[in-house]
Amino acid sequence: MFFLFCGADYNIAMYVFLNGKLVEESKAQISIWERGFLFGDGIFETLRSYNGKLFLLTEHLERLFNSAKALNLKLDFSPEEIEQACNQLLEANQLKDARIRITLSRGRYEGRLELEESSSTFLITAQALHPPDKEPKSFKLVRVNFTLSPDYPLARHKTLSYLPYLYAYQQARSQNADEGLLFSSNGFILEASRSNLFFIKEQKLKTPSLELPILPGITRAKVIEIAQSLGLEVEEGFYQEEELLSGEAVFLTNSVFPLVLVEQYQGKIFSHQESFALVKRIYSIYLKEAGC
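Quick notes on the rules
- Residues numbered from 1 in each chain as written.
- Predicted model: local features only at pLDDT ≥ 70, side-chain atom pairs only at ≥ 80, totals over all residues.
- Heavy atoms only, no water.
- Core = buried A, V, L, I, M, F, W, Y, C linked by side-chain atoms within 4.5 Å.
- Buried < 20%, exposed > 50% of the residue type's maximum accessible area, 1.4 Å probe, protein only.
- Helix = DSSP H or I, 4+ residues; strand = E, 2+ residues; numbered from the N terminus.
- Contact = heavy atoms within 4.5 Å.
- Axes fitted to C-alpha atoms, helices over the stretch in contact; angles between N-to-C directions.
- Parallel < 35°, antiparallel > 145°, perpendicular 65-115°, else oblique.
- Left-handed = near helix turned anticlockwise from the far one by under 90°.
- Nonpolar A, V, L, I, M, F, W, Y, C, P; charged D, E, K, R; others polar.
- Phe/Tyr/Trp six-rings, centres within 6.5 Å; stacked < 30°, edge-to-face > 60°.
- 1 Å grid on protein atoms, 1.4 Å probe; cavity = no way out; pocket = protein on both sides within 12 Å on 5 of 7 lines; lining within 4 Å.
- Points joined across faces, edges and corners; volume = space filled by probe spheres on them.

Engineer: What is the right way to read the nonpolar core from this model?
Structural biologist: The tendency in soluble globular proteins is for nonpolar side chains to be buried side by side. Counting residues in hydrophobic clusters, the biggest one holds 42 residues, and the most contacted among them are L197, L205, F251 and L252. Elements supplying a minimum of two residues to this core: β8 (137-148), β9 (179-184), β10 (189-192), β11 (196-201), α5 (218-229), β14 (249-253), β15 (259-265) and α7 (273-290). Residue contacts for L205: discarding those within four places in its chain leaves F198, F199, I200, V223, A227, L232, E233, V234, E235 and F251. Counting residues in hydrophobic clusters, the runner-up holds 21 residues, among them A68, L75, L90 and L95.

Engineer: What am I meant to see in the packing of α5 against α7 here?
Structural biologist: A pair of packed helices is characterised by two quantities: the angle between their axes and the separation of those axes. Axis separation between α5 and α7 bottoms out at 10 Å; the angle between their running directions is 110 degrees. Taken together, the axes of α5 and α7 lie roughly perpendicular to each other. Crossing geometry of α5 relative to α7 is assigned as right-handed. The residues of α7 that touch α5, namely those facing T219, K222, V223, E225, I226 and A227, are I282, I285, Y286 and E289. Within the contact of α5 with α7, the residues separate by chemical class into six nonpolar, one polar and three charged.

Engineer: Would you mind showing me how to read the packing of aromatic side chains here?
Structural biologist: How two aromatic rings sit relative to each other is given by the distance of their centres and the angle of their planes. Taken as a whole and judged by the stated rule, the model has 11 aromatic pairs. Ring plane angle 25 degrees and centroid distance 6.5 Å describe the contact between F77 and F122, whose orientation is recorded as stacked. Residue F77 is located in the loop between α2 (57-70) and α3 (79-92), and its partner F122 is located in strand β7 (residues 121-128); the two are separated by 45 residues in the primary sequence. The partly exposed category is assigned to F77, whose relative accessible area is 22%. Judged by centre distance (5.5 Å) and plane angle (75 degrees), the rings of F188 and F238 are edge-to-face.

Engineer: What's the story with unusual backbone geometry in this structure? I'm lost.
Structural biologist: For residues that are not glycine, phi is negative in most cases, and the peptide bond is trans in most cases. Omega for the bond connecting F257 with P258 falls within 30 degrees of zero, at 0 degrees, which places this linkage in the cis form. With respect to the helices, strands and loops of the structure, P258 is situated in the loop between β14 and β15. Despite not being glycine, Q203 has its phi angle at roughly 60 degrees, a positive value. The backbone of Q266 shows a phi angle near 50 degrees, a positive value even though the residue is not glycine.

Engineer: When you look at empty space enclosed by the protein in this model, what are you seeing that I'm missing?
Structural biologist: Rolled over the atoms, a probe with the dimensions of a water molecule shows which regions are left empty. Overall, the coordinates contain one cavity of 30 Å³ or more when judged by the stated rule. Its volume calculated, the largest cavity comes out at about 40 Å³. Lining the largest cavity we find L47, R48, F55, L56, H60, T219, S255 and Y286.

Engineer: How should I be thinking about the layout of surface pockets in this particular structure?
Structural biologist: Counted as a void, the largest pocket has a volume near 1,000 Å³. Along the walls of the largest pocket sit 46 residues, with R99, R194, N254, V256 and F257 positioned nearest its centre. Among the elements of the structure, β4 (42-50), α2, β6 (98-105), β8, α4 (163-174), β10, α5 and β15 are those that each provide at least two residues to the lining of the largest pocket. Among the residues forming the lining of the largest pocket, the class breakdown is 21 nonpolar, 14 polar and 11 charged.

Below, the structure written as structure tokens:
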């Protein structure tokens, strides 16, 4: 099944792309036996369109296809067909700046729990967003009180089994913070509940290694590319909390923010103006590449 949804205003009739056809959202249906709903058996990707342009779609689809292969999920549509469907839907719903989520699940539950390739459900949703601010926003970041195993097998995939990250986000919100920072059970910084983490120290950009149980973020990779183009040394490593606290600037990335400064972490205020200026320069280049 191929399902694509998009809309800017929930009070108007929205069009969806379902199995190759544009239809109204109210006529779209998914089975109650859908394995994504019953078991969280699936994966997803989230990306943005800026002024009608799908930004970094190729990279998101590459990760989607890699995860589908690794988890034995059937994906019936080519990258070109998915791109065409996204553009058709943005046009049909008159969207320029939007959050687009692509979801793939294993499809209908037939009584077996094995991760077998079967008929799949492919869903894309989109939600209108405001154009990005010219300056990055600031977040409060806090530590959450549970850890992930260093060999957590699903960390490199955006799975529908998203509850651990939602739980981390809820812990952060309960502390009046915007994001919660996760650690591995052996004490290394991982990522935040919705984002990858970077910090700057002595003109060096540092971020947790992909050898740790973290998501290989698409925005993360683009930020590294931009930083290296500026001549900034980038280090991917294994860091403990005290190293983060000694940083001059901390920031988070994901495909929707897409970059926010951490103003405060565990009571530590970050205000190193030179490093903040460097983060803002990276953000500015990112927006320029996105077509803003």
